[in-house]
Amino acid sequence: MLRVEAVEKSFDDFKAVNGANLVVGKGELVAVIGPNGAGKTTLFNLITGQLKPDEGRITFKGEDIGGLPPYEICKKGIARSFQIVNIFPRLTVFENVQVAVLSQQRKSSELLHPAHNIAVEETEVILESVGLSGKALEVAGSLSHGDQKILEIAIALGNEPELLILDEPTAGMSPEETSATMELIKRLADTRGLTILFCEHDMEVVFSVAQSIMVMHQGRTLVQAEPQEVRRNKEVQEAYLGGE
Amino acid sequence: MFRGITEKRLLWFLAIIFIVLLIFPSILPRFYTYIIALIFVTSLLAMSLNLVVGYGGMFQFHHGVFYGVGAYTVALMLTKTSLPVWVGFVAGPVMATVTGFLIGWFCVRLTRLYFAMLQISLGSLIWAIAFRWYTLTGGDDGIHGVPMPALLSSQNNSYYFILVILTICLMAMYLIVKSPFGRTLQAIRDNPQRCEAVGINVRRHQLKAIVIATFFAGVAGVLFVVLERSVFPDLLFWVLSLEVFIMCLLGGWFTFAGPILGAAIIVSLRTFVGIYTEYWTLVLGVILILLIFFLPEGVMGYFLGKFRPLAKEVAHRSE
């Protein structure tokens with residue numbers, strides 16, 4: 001479904017991504033791991049268009065999407081959440097998700113119908129599924145950090161993506177919140193038939209849920225394989241797991 | 001059309017205000033009627049700016065240009081051509097919108113301060129045309145004695161005309177703000193990067209907002225000519241743009257009606273303090289300093305913030 005081939009990106013003289021390869025099949029739950037500064041977030045930004053790749057190819061369903069603007073890529077069926085909370089702080093929780101749903105339904109430019117009765121049902125279904133219905137009318141900026149991270153995911157769901165990309169969905173969460181969030185992600189993958197690509201710090205989390213793991217080190221892809229195989233991989237052990 | 005987005009009580013309140021405003025010209029002296037009409041015109045200008053500043057989060061620093069273009073267009077059409085009056089009235093907003101599109105097209109490619117600087121530069125070019133092209137615009141003399149149709153010849157009639165147009169424009173703006181377009185615009189204000197990620201073409205959306213806002217600024221320009229029967233280059237000078245910007249901040253740029261309050265305060269200050277001293281801007285300066293320290297959300301924002309918890313409590317109790 002998504003294929004990243006030999007992608008490179010540098011900032012001035014620093015090669016943030018230097019030969020990344022990634023394959024995500026339909027319906028898979030794929031994780032990208034790697035130490036801080038390995039280039040995970042940069043890779044995601046390249047896939048979803050926040051950055052343009054210098055070299056390499058990124059294809060989605062056979063179509064070259066490398067270098068397209070983010071809103072075009074989103075319309076092709078890829079939605080994402082961000083590592084650092086990236087929401088609409090002055091809008092309510094409901095409105096945060098509704099903005100994405102309106103965009104999905106191509107109604108963002110409608111002028112003469114009040115927004116409060118458009119896309120209501122779809123928005124409520126999403127809030128229900130992530131467990132934020134109780135806080136629908138709260139201003140998003142006043143939510144707790146954990147809830148804001150969940151809202152991140154909910155906004156991305158508003159686009160009804162085929163591929164959902166989550167950049168450290170549990171960053172800054174307590175262990176309880178982390179496991180609840182991973183449960184949520186697994187449930188979304190099952191019930192909505194979503195393909196999910198995520199990156200994560202917590203090894204335990206990654207090895208327990210991911211079907212395929214891609215390991216990045218200094219901007220380069222070391223390997224992409226099933227969890228057991230990644231665990232056995234010599235190169236990975238040396239570079240990352242520290243000979244666990 | 002407005003069902004569900006406004007409370008019934010609020011609608012009654014607004015209806016009463018409208019009726020009171022209709023009675024005003026027959027009970028108030030001529031001068032006060034004039035000042036209130038001037039507040040109406042300025043309110044419309046400030047409200048139109050707030051669409052892009054308060055709701056769109058863009059640094060529209062030279063909004064006066066579109067007001068001036070609207071006013072000059074109608075004044076020129078009525079003095080230099082023999083076209084029907086309504087053509088001039090329509091041409092004003094249309095020209096303002098075209099100018100808005102052209103300037104906006106360049107500006108949305110930049111962000112924040114660069115947006116503001118570019119707009120001031122482009123706007124100043126248009127000001128220079130109005131200021132220097134004597135044969136067409138009358139230069140710094142402006143154009144005076146713009147003929148008005150008989151229907152608008154008395155001051156009371158122009159007051160009513162301005163009031164009706166203002167009301168229509170405010171209703172239209174309210175619908176726009178509450179529409180999916182308006183909601184998306186506020187989302188862009190809060191977080192343009194995230195908007196791109198949910199599939200919104202941010203620049204195009206911003207440009208649409210500028211075009212809409214400049215249309216209303218053009219309408220305000222036409223109303224100014226209806227009231228004053230003259231135009232002068234100060235209408236497109238950056239000082240006026242700054243004043244309108246201050247009206248939004250002063251009234252409360254995150255509230256719908258805040259700019260009306262801001263316009264009323266500034267026009268009144270200029271008129272009534274201006275009688276006593278040339279330096280009325282000193283008073284304005286002091287008010288601004290106090291505003292920044294004590295009411296960062298503006299006057300309207302302050303009072304809404306104060307009463308909202310109260311309203312919530314009342315609603316809670318009545319459940």
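Residues numbered from 1 in each chain as written. Chains lettered and ligands numbered in written order. Predicted model: local features only at pLDDT ≥ 70, side-chain atom pairs only at ≥ 80, totals over all residues.

**Q** Explain the overall build of chain A to me, please; I cannot follow it from the model alone.
**A** Assigned secondary structure in chain A consists of nine helices and 10 strands. For 244 residues, the compact-globule formula gives about 18 Å, and the C-alpha radius of gyration of chain A, at 18 Å, lands near that figure. Viewed in the frame of its principal axes, chain A has a C-alpha envelope of about 60 × 40 × 30 Å. Residue pairs in contact within chain A that sit at least 24 positions apart in sequence constitute 64% of those at least 6 positions apart. (Helix = DSSP H or I, 4+ residues; strand = E, 2+ residues; numbered from the N terminus. Rg over C-alpha atoms; globule rule 2.2 N^0.38 Å. Contact = placed C-beta atoms within 7 Å.)

**Q** Looking at this structure, how should I read the environment of Leu222 of chain A?
**A** Residue and element names in this part refer to chain A. With respect to the helices and strands, Leu222 occurs in strand E10 (residues 220–225). Residues Leu222 and Ala20, 202 residues apart in the sequence, show an inter-C-alpha distance of 8.6 Å. Non-local contacts of Leu222, meaning those with residues more than four positions away in its chain, are made with Val215, Met216, His217, Glu235, Val236 and Ala239.

**Q** Hey, could you run me through the confidence of the model for chain A in this one?
**A** Caution is warranted with low-pLDDT regions, since their predicted coordinates should not be read in detail. Averaged over all residues, the pLDDT of chain A equals 90, while 98% of them reach at least 70. Within chain A, no element has a lower average pLDDT than helix H9 (residues 234–241) of chain A, which sits at 74, and none a higher one than helix H3 (residues 93–104) of chain A, at 95. (pLDDT = per-residue confidence, 0-100.)

**Q** Can you walk me through the packing of helix H2 (residues 30–53) of chain B against helix H12 (residues 258–276) of chain B in this structure?
**A** Helix-helix packing: each pair is described by the crossing angle between the helix axes and the interaxial distance. Residue and element names in this part refer to chain B. Axis separation between H2 and H12 bottoms out at 8 Å; the angle between their running directions is 135°. Considered as vectors, H2 and H12 are oriented oblique to each other. As H2 runs across H12, the sense of the crossing is right-handed. Note on element contacts: H12 touches H2 through Pro259, Ile260, Gly262, Ala263, Ala264, Val267 and Thr271, opposite Ile35, Leu38, Ile39, Thr42, Ser43, Ala46, Met47 and Asn50. Residue classes in the contact of H2 with H12 are distributed as 10 nonpolar, five polar and no charged. (Axes fitted to C-alpha atoms, helices over the stretch in contact; angles between N-to-C directions. Parallel < 35°, antiparallel > 145°, perpendicular 65-115°, else oblique. Left-handed = near helix turned anticlockwise from the far one by under 90°. Nonpolar A, V, L, I, M, F, W, Y, C, P; charged D, E, K, R; others polar.)

**Q** Where do I start with the confidence of the model for chain B in this structure?
**A** Residues and elements named next belong to chain B. Averaged over all residues, the pLDDT of chain B equals 88, while 94% of them reach at least 70. Per-element averaging of pLDDT across chain B places helix H14 (residues 298–318) at the bottom with 60 and helix H10 (residues 202–228) at the top with 96. Across the interfaces of the predicted complex, the ipTM metric reaches 0.87, alongside a pTM of 0.88.

**Q** What is the right way to look at the domain arrangement of chain A in this model?
**A** One widely used convention gives an interface's size as the accessible area the parts lose upon coming together. Residue and element names in this part refer to chain A. Here chain A is described as being made up of domain 1 (1–76 + 163–173 + 192–244) and domain 2 (78–160). On a C-alpha basis, the centres of domain 1 and domain 2 stand 25 Å from each other. Of all the secondary structure elements, the ones that give two or more residues to the side of domain 1 that touches domain 2 are helix H1 (40–47), helix H2 (70–75) and strand E7 (163–167). For the side of domain 1 that touches domain 2, the class distribution of residues is 11 nonpolar, three polar and three charged. (Domains from an automatic or database assignment.)

**Q** Got a minute to help me understand the nonpolar core in this structure?
**A** Inside soluble globular proteins, nonpolar side chains tend to come together where they are buried. Of all hydrophobic cores here, the largest spans 157 residues; its most connected members are Ala154 of chain A together with Val41, Leu44, Ala71, Ala220 and Leu223 of chain B. In terms of residue count, H10 of chain B provides more of this core than any other element does, 16 residues in total. Composition of this core by domain shows at least three residues from each of domain 1 (1–76 + 163–173 + 192–244) and domain 2 (78–160) of chain A. Once residues lying within four places of it in the same chain are set aside, the contact partners of Ala71 of chain B are Gly92, Gly221, Val222, Phe224, Val225, Val231 and Leu235 of chain B. (Core = buried A, V, L, I, M, F, W, Y, C linked by C-beta atoms within 7 Å. Buried ≥ 20, exposed ≤ 12 C-beta atoms within 10 Å, placed from the backbone.)

**Q** Honestly, the sheet that holds strand E5 (residues 63–64) of chain A in this entry has me stumped. Any pointers?
**A** Pairing between sheet strands relies on hydrogen bonds along the backbone, with the strands arranged either parallel or antiparallel. All names here are of chain A. A sheet is described by the order of its strands in space; here four strands give the open sequence E2-E1-E4-E5, paired in antiparallel fashion. This sheet does not close on itself; its edge strands, each paired only once, are strand E2 (14–24) and E5. Seen against the sheet, H1 touches strand E1 (2–11), E2 and strand E4 (55–60) and runs at an angle of roughly 65° to E2. (Pairing = 2+ DSSP bridges.)

**Q** Would you mind going over the interface of chain A and chain B with me for this structure?
**A** Counting from both sides, the interface comprises 35 residues of chain A and, opposite them, 25 residues of chain B. Of all the secondary structure elements, the ones that give two or more residues to the side of chain A that touches chain B are H2 and H3 of chain A. Looking at the side of chain A that touches chain B element by element, the count peaks at seven residues for H3 of chain A.

**Q** Even after reading the chapter, I still don't get the sheet that holds strand E9 (residues 212–217) of chain A, so can you show me in this structure?
**A** Residues and elements named next belong to chain A. What the six strands build is an open sheet, ordered E6-E7-E8-E3-E9-E10; its pairing is mixed. Across the chains shown, the open sheet's two edge strands, defined by having one partner strand only, are strand E6 (78–81) and E10. Going from strand to strand, the sheet's axes swing by 15° on average, the running direction of each strand aside. In terms of strand pairing, E7 meets strand E8 (residues 195–199) through five bridges, oriented parallel. Its bridge partner lying in E8, Leu164 is registered against Ile196. Most of the contacts of helix H5 (residues 145–157) go to E6, to which it runs at about 170°, and overall it touches E6 and E7.

**Q** What is the right way to read the environment of His113 of chain A from this model?
**A** On the secondary structure map, His113 of chain A appears in the loop between H3 and helix H4 (120–130). Excluding residues within four positions of it along the chain, His113 of chain A makes contact with Ile118 of chain A together with Ser179 of chain B.

**Q** When you look at the pairing of E10 of chain A in this model, what are you seeing that I'm missing?
**A** In the case of a regular strand, side chains alternate between the two sheet surfaces. Pairing of E9 of chain A with E10 of chain A, which is carried by five bridges, proceeds in the antiparallel orientation. Opposite His217 of chain A, over in E10 of chain A, you have Arg220 of chain A as the bridge partner.

**Q** I'm lost on H3 of chain A in this one. Help?
**A** Turn by turn, an α-helix covers 3.6 residues, leaving residues three or four places apart pointing in a common direction. Here H3 of chain A contains 12 residues, and its C-alpha end-to-end distance of 17 Å stays within 8% of the 16 Å for a straight helix at 1.5 Å per residue. Of all 12 residues in H3 of chain A, 12 are buried; the element is thus mostly enclosed. Of the positions making up H3 of chain A, those classed as buried are Val93, Phe94, Glu95, Asn96, Val97, Gln98, Val99, Ala100, Val101, Leu102, Ser103 and Gln104 of chain A. Tucked into the core, H3 of chain A has its buried residues touching H4 and H5 of chain A together with helix H8 (180–190) of chain B. One or two steps after H3 of chain A, the chain reaches Arg106 of chain A, where phi turns positive at roughly 55°. (Expected span 1.5 Å × (residues − 1).)

**Q** Help me understand unusual backbone geometry in this model?
**A** One can expect most non-glycine residues to show negative phi and most peptide bonds to be in trans. All names here are of chain A. The phi angle at Lys61 is positive, at roughly 50°, despite the residue not being glycine. Along the chain, the position of Lys61 falls in the loop between E4 and E5. Judged by C-beta crowding, with 14 C-beta atoms within 10 Å, Lys61 ranks as partly exposed. The residue Arg106 is not glycine, and still its phi comes out positive at about 55°.

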